Structure formats: C-alpha cells, structure tokens
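# Residue-level structure breakdown
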Amino acid sequence: MTADELREALSTEGTSLADVAAEQGVETADLVDDLVAAATERVRQGVDDGRLSAERADEVIAELPDRVAEAVEQDASELQRGGPGGHGRGGPGHDRTDGTTGP
C-alpha cells in the first residue's frame, strides 16, 4: 500500500489505522509491535544525538505500547484534528500544517 493509498483509506470518517491494517491482512498486534519498534529506535537515536536523556527515553519507551495501541484504534480523522485531548500533528506547538510552531 502506498502512502497515498493509506491517506485515502484513512480519510473515511470512522476509519482507524487498525481497520486499514486488517483490510490488508495485518493483525493489530503486529502493527503495534512494528510501530513501537520504529518509535523506540527514534527515541534511542534522540539519546544518541543528545536531544533526550536516557532516563526520559526509558519513560517514553515504557509508555509506547499503550499509547500506540490506543492510537491505532482511534478514528484517524480525530488524530489529524488533534482528537480528544490531542494536539494535532507533532504535539503541542506543532499544530500548523506549514511546519511552523508557536501560538
């Protein structure tokens, strides 16, 4: 599935990443495992680059399985809008689609 095909599939209101994965024959648990592994690698790279302390990285990595599992089940249109209690793309300060930050 291409990135464009994924975006199209997720554009239907009420569709989650888990729904799209299931349509592609991918188990939700496998999707979560793969996403957690990729995120863990990025967090560890942040430690290696000096952008994140090892202690904070351990905290983030410990939270990843639950956070990712929740995210893949959420309506993708809510994730793009920031969802209930969310902050849109990239978290607080990164809500703008042009990549700028700030209020």
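Residues numbered from 1 in each chain as written. Predicted model: local features only at pLDDT ≥ 70, side-chain atom pairs only at ≥ 80, totals over all residues. Heavy atoms only, no water.

For S16, the location among the structural elements is in the loop between α1 (3-10) and α2 (17-23). The class for S16 is buried, based on a relative accessible area of 2%. Put simply, S16 and Q74 are 58 residues apart on the chain and 5.4 Å apart in space, counted from C-alpha to C-alpha. Setting aside its immediate chain neighbours within four residues, S16 contacts L10, V72, E73, Q74 and A76. A polar atom in the side chain of S16 sits 3.4 Å from the backbone oxygen of V72. (Helix = DSSP H or I, 4+ residues; strand = E, 2+ residues; numbered from the N terminus. Buried < 20%, exposed > 50% of the residue type's maximum accessible area, 1.4 Å probe, protein only. Contact = heavy atoms within 4.5 Å. Polar contact = N/O pair within 3.5 Å; in protein donor to acceptor, adjacent residues only side chain to side chain.)

Right, let's talk about the nonpolar core for a bit. Formed by A18, A21, L31, V32, V36, A39, L64, V68 and V72, the largest nonpolar core amounts to nine residues. The element contributing the most residues to this core is helix α3 (residues 28-48), with four residues. (Core = buried A, V, L, I, M, F, W, Y, C linked by side-chain atoms within 4.5 Å.)

Next up on the list: the side chain of D75. Within the secondary structure layout, D75 lies in the loop between α4 (54-73) and α5 (76-81). A distance of 3.0 Å separates a polar atom in the side chain of D75 from the backbone nitrogen of G14. Among residues more than four places away in sequence, those in contact with D75 are E13, G14 and T15.

On the surface, a cluster of negative charge is made up of E27, D30, D33 and D34. With respect to the helices, strands and loops of the structure, D33 is situated in helix α3. D33 sits in the partly exposed class, given a relative accessible area of 48%. (Patch = residues over 30% accessible without salt bridge, like charges linked within 9 Å, V, L, I, M, F, W, Y side chains within 5 Å. Areas by Shrake-Rupley, 256 points an atom, 1.4 Å probe, with all protein chains shown as cover. Salt bridge = Lys/Arg side-chain N within 4 Å of Asp/Glu carboxyl O. Lys, Arg positive; Asp, Glu negative; His and termini not counted. Charge placed at Lys NZ, Arg CZ, Asp CG, Glu CD.)

Here the protein shows a mean pLDDT of 82. Residues at 70 or above account for 76%. Low pLDDT, under 50, characterises residues 84-103; the predicted model gives this stretch 19 contacts beyond four residues in sequence or across chains. (pLDDT = per-residue confidence, 0-100.)

Quick look at the packing of α3 against α4 now. Contact geometry of α3 with α4 gives a least axis separation of 9 Å together with a crossing angle of 155°. Between α3 and α4, the crossing angle belongs to the class labelled roughly antiparallel. Here the hand of the crossing between α3 and α4 comes out right-handed. On α4, the residues touching T28, L31, V32, L35, V36, A39, T40, V43, R44 and V47 of α3 are A54, A57, V60, I61, L64, P65, V68, A69, V72 and E73. Tallied by class, residues from the contact of α3 with α4 come to 16 nonpolar, two polar and two charged. (Axes fitted to C-alpha atoms, helices over the stretch in contact; angles between N-to-C directions. Parallel < 35°, antiparallel > 145°, perpendicular 65-115°, else oblique. Left-handed = near helix turned anticlockwise from the far one by under 90°. Nonpolar A, V, L, I, M, F, W, Y, C, P; charged D, E, K, R; others polar.)

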